[in-house]
Amino acid sequence: MSDLVGLVRAVQANYYRVRLQEATNGIEELLCVRRARLKKMGQQVCVGDWVVVSHPDWQGHRGAIAEILPRRNQLPRPAIANVDQVLLLFALADPPADVHQISRFLLTAEGLEVEIQVVFTKADLVSAQEQQQWRDRLHQWGYHCHVLSLTQGSDWQHLHPHLADKITVVCGPSGVGKSSLIRHLTPREDIRVGAVSDHWHRGRHTTRHVELFPLPAGGWIADTPGFNQPELPQDPQQLAAAFPEIRQRLSKDRCLFDNCRHDQEPGCCVRGDWERYPLYIEYLHELETMASSEPSLGKAPPVKAKSDRQGQQRLEPLLDPKKYRRRSRRQQHQHLNPMAEEVLDSEL
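Residues numbered from 1 in each chain as written. Predicted model: local features only at pLDDT ≥ 70, side-chain atom pairs only at ≥ 80, totals over all residues. Heavy atoms only, no water.

**Details of the confidence of the model for the protein chain**
A low pLDDT score tells you not to read the predicted coordinates there in detail. As a reminder, the rule being used: Every residue is assigned a pLDDT by the predictor, reflecting its confidence on a scale from 0 to 100. Secondary structure elements are taken from DSSP: a helix is a run of H or I of four residues or more, a strand is a run of E of two residues or more, and numbering for both begins at the N terminus. Working rule for contacts: check all heavy atoms of both residues, and any pair within 4.5 Å makes them a contact.
Per-residue pLDDT for the protein chain averages 83, and the proportion of residues at 70 or more is 77%. Mean pLDDT in the protein chain bottoms out at helix α10 (residues 338–347), which sits at 56, and peaks at helix α3 (residues 128–141), which reaches 96. Contacts for the low-pLDDT stretch residues 193–207, under 50 throughout, to residues beyond four places or in other chains number 31 contacts.

This is the structure:
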């Protein structure tokens, strides 16, 4: 019998819902566990992985994941593999759009090296002039954006051609309508939708895990837990490469120095009057401050690899045995009492 290949659609606890590439015996999906061998090897199964399923139980609709096929890419947060594009979702109001927050999400998406789609929701809460201002603003940044309302009209249907035959991950702050958009795009009715807090004017977390939902025109879309402050790229060079404005300027000209930080260096072709340049300088100084505040011990402490219950390996520092580890009872018995040593020394 040939190997069964499927796509991991959802991960819950230690179980994986795998949609088979080809339906077998009228069954399209199996509830699988991970083989112990993969756990011992430290291989984590992610949503979006193409896997080989063995020992299928067609009556119980169960199976076991025996192999993880090579990945094209992997998102660290949330853990999802083989992503084709990221759909960044922001609200124009309630909560209002914030330039800092939007830029941080864009920088995170740029580091994944996949296609980026930007969508603004709740267009019915702002004027047409403000909608156009955000379109022009994103265009100057180097992005094309969609502006729509999930409660009025059907502009969201224009997204279907951009999502067909792709694995799309929806990211954005809480309360901007990620789950609501997916309910419009997919025939699923069991997707939870939350309301925005009246006190904090922020969304409540309604999505607790990552799951792929099939799209009618082909492809998959994943809802992700919302978070409001993505981390910046760790390398200042990566930070500069994540700004389309900087990439555009460097494609037409070059700086005087190859290691130019685009801050105060002479002959820099990046410095100029563009909107997000102050943001770039702010983020650059933030990274440099974080790097300088880290203690430089010269030599990195020794570490050891440990595996958790999910099979993920992590590095933990080794404790100094002279300082933290208790001596064995045999060593304690072999060692003379310090007071007895003093008595012996005084008698001698």
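Read on for the rest.
**Considering the packing of aromatic side chains**
Which entries qualify depends on this criterion: Side-chain rings of Phe, Tyr and Trp, where Trp is taken by its six-membered ring, are said to pair if the distance between their centres is within 6.5 Å; with planes under 30 degrees apart they count as stacked, over 60 as edge-to-face, and otherwise as tilted. A simple rule labels every residue: compare its accessible area, found with a 1.4 Å probe on the protein chains alone, to the largest value its type can have, and call it buried under 20%, exposed over 50%, or partly exposed in between. For a Lys NZ or an Arg CZ to count as sitting over a ring, it must be within 6 Å of the ring centre and within 35 degrees of the ring normal.
Here the structure, examined in full by the defined rule, presents seven aromatic pairs. Where phenylalanine 90 meets phenylalanine 105, the ring centres are 5.8 Å apart and the plane angle is 75°; that geometry is what we call edge-to-face. Of this pair, phenylalanine 90 sits in strand β8 (residues 85–91) while phenylalanine 105 sits in helix α2 (residues 99–110), and the two are 15 residues apart along the sequence. In terms of burial, phenylalanine 90 and phenylalanine 105 fall into one category: buried. Between phenylalanine 90 and phenylalanine 120, the ring centres sit 6.1 Å apart and the planes meet at 40°, which makes this aromatic pair tilted. Residue phenylalanine 90 is found in strand β8, and its partner phenylalanine 120 is found in strand β9 (residues 115–121); the two are separated by 30 residues along the sequence. There is no split in this pair, since phenylalanine 90 and phenylalanine 120 are both buried. Above the face of the tryptophan 134 ring, arginine 137 is positioned so that its terminal group lies 4.8 Å from the ring centre. The side chain of arginine 276 reaches across the aromatic face of tryptophan 141, ending 4.6 Å from its centre.

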